[in-house]
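Observations on the model geometry
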Amino acid sequence: MSTTSPVGAVPWLNPDEERAWRAFLRVVVAVQTGTARDLAAVGLSEPDYEVLSTLSERTDHTSSLGDQADKMGWSRSRLSRHATRMESRGLLKRTPDPADGRGCLLVLTAQGLEALEDAAPAHVQSVRRHFIDRLAPDDLTAIEQIARRLEEPPVGDDRPTT
């Protein structure tokens, strides 16, 4: 929604800004929908793949629930519920976190690693089909530059980062 604003009010998006914002949203939805559909065809959700792939990169294939939740931008309770579903499928297991008596560690199981290894080629192929191969090298560079800018806190934002 674009409109003019009185002095001191919210600075509404001008038509160019609004088009850019909506284009960004369309791109995110299109890429995520395509990759989610392709992962579902091999029996995993995007969050499943994210958890499995990041655990596979960690020492001992282990991460604290809190660290994993922070990485995914999820609340601990949301990830805990998701981990319960993954655990029931044998993809990971939970163990007590010796550094946090109330927390737990997420541990990639052999079955989870096998599921990841089976899904990885389809996932890479999907990322290529829905994203990489549709862009020029300069586009990819521009996206990296934009991502770096957007990862920084906004100027004047004194909220703690996670």
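Residues numbered from 1 in each chain as written. Predicted model: local features only at pLDDT ≥ 70, side-chain atom pairs only at ≥ 80, totals over all residues. Heavy atoms only, no water.

Side note on the layout of surface pockets
Rules: A cavity here means a set of 1 Å grid points, computed over protein atoms only, where a 1.4 Å probe fits but cannot escape. A pocket is an open set with protein on both sides within 12 Å along at least 5 of 7 lines, and lining residues have an atom within 4 Å of a point. Grid points are joined across faces, edges and corners, and a volume is the space filled by probe spheres set on the points. Secondary structure elements are taken from DSSP: a helix is a run of H or I of four residues or more, a strand is a run of E of two residues or more, and numbering for both begins at the N terminus.
In this structure, the largest pocket spans a volume of roughly 1100 Å³. Lining the largest pocket are 25 residues, and of these V28, V31, Q32, F131 and I143 lie nearest its centre. Those elements that place two or more of their residues in the lining of the largest pocket are α1 (15-40), α2 (46-57), α3 (65-72), α5 (110-130) and α6 (137-151). Considering only enclosed or pocket space, the second largest pocket measures out at about 160 Å³ in volume.

Comments concerning the confidence of the model for the chain
For clarity, the cut-off: As a per-residue measure, pLDDT reflects the predictor's confidence and takes values from 0 up to 100.
Across the chain, pLDDT averages 92, with 91% of residues at or above 70. When mean pLDDT is compared element by element in the chain, α5 scores highest at 97, while strand β3 (residues 100-108) scores lowest at 91.

A word on the packing of α2 against α5
Threshold: Here an angle of 0 to 180 degrees is reported between the N-to-C directions of two axes, which are lines fitted to C-alpha atoms, with helices fitted over the stretch in contact. Our angle categories are set so that under 35 degrees counts as roughly parallel, over 145 as roughly antiparallel, 65 to 115 as roughly perpendicular, and the remainder as oblique. Two helices cross in a left-handed way if the nearer one is turned anticlockwise from the farther one by less than a right angle. They cross in a right-handed way if the turn is clockwise. Should any heavy atoms of two residues lie within 4.5 Å, those residues are considered in contact. By the convention adopted, Pro, Cys, Tyr, Trp, Phe, Met, Ile, Leu, Val and Ala count as nonpolar, Lys, Arg, Asp and Glu as charged, and the other residues, Gly among them, as polar.
Packing of α2 against α5 leaves a shortest axis separation of 10 Å and a crossing angle of 110 degrees. In terms of orientation, α2 and α5 fall into the roughly perpendicular class. Crossing angle aside, the handedness with which α2 passes α5 is left-handed. When α2 is examined against α5, the residues Y49, L52, S53 and S56 are found in contact with a partner set consisting of G112, L113, L116, A119, A120 and H123. Its residues assigned to classes, the contact of α2 with α5 shows 6 nonpolar, 4 polar and no charged.

Here we look at the packing of aromatic side chains
Basically, it comes down to this: Any two of the Phe, Tyr and Trp rings considered here, Trp counted by its six-membered ring, make a pair once their centres fall within 6.5 Å; the pair's planes then place it as stacked at under 30 degrees, edge-to-face at over 60, or tilted in between. Placement of a positive charge over a ring is assigned whenever Lys NZ or Arg CZ falls within 6 Å of the ring centre and within 35 degrees of the normal to the ring plane.
Counted by the stated rule, this structure contains 1 aromatic pair. In this structure, R78 is placed above the aromatic ring of W74, and the distance from its NZ or CZ to the ring centre is 3.8 Å.

Some points on the pairing of β3
Going by this rule: Pairing between two strands requires that DSSP report at least two bridges joining them.
Of the pairings in the sheet, the one linking strand β1 (residues 62-64) to β3 comprises 3 bridges and is antiparallel in character. The partner of S63 across the bridge, within β3, is L106. Strand direction decides the pairing type here: strand β2 (residues 92-97) and β3, joined by 6 bridges, are antiparallel. If you follow L92 over to β3, its bridge partner there is L108. Linking two consecutive strands that pair antiparallel, namely β2 and β3, is a turn of 2 residues.

Remarks on the side chain of S64
The test is simple: Whether a residue is buried, partly exposed or exposed follows from its accessible area with a 1.4 Å probe, protein chains only, as a fraction of its type maximum: under 20%, in between, or over 50%, in that order. Polar contact is the term for a pair of N or O atoms within 3.5 Å; when the atoms are in protein, one must be able to donate a hydrogen and the other to accept it, and sequence-neighboring residues count only if both atoms are side-chain atoms.
Among the secondary structure elements, S64 is positioned in strand β1. You can call S64 buried: its relative accessible area is 14%. At 3.0 Å, the side chain of S64 and the backbone nitrogen of D67 are in polar contact. Filtering out sequence-adjacent residues up to four positions away, S64 remains in contact with D97, C104 and L105.

Some thoughts on the sheet that holds β1
Strands pair in a sheet through their backbones, by hydrogen bonds, and they do so in one of two ways: parallel or antiparallel. Spatial ordering of the open sheet is given by β1-β3-β2, a layout of 3 strands whose pairing is antiparallel. With one partner strand each, in any of the chains shown, β1 and β2 form the two edges of the open sheet. Going across the sheet, the axis of each strand differs from the next one's by a mean of 30 degrees, ignoring polarity. Across the sheet, α2 lies against β1, β2 and β3, angled at about 95 degrees from β3, the strand it touches most. Of the strands in this sheet, β2 and β3 touch helix α4 (residues 76-88), which is tilted by about 130 degrees from β2.

Let's talk about the environment of Q32
Inspection of the secondary structure assignment puts Q32 in helix α1. A relative accessible area of 44% means that Q32 is categorised as partly exposed. Separated by 83 residues in sequence, Q32 and A115 place their C-alpha atoms 20 Å apart.

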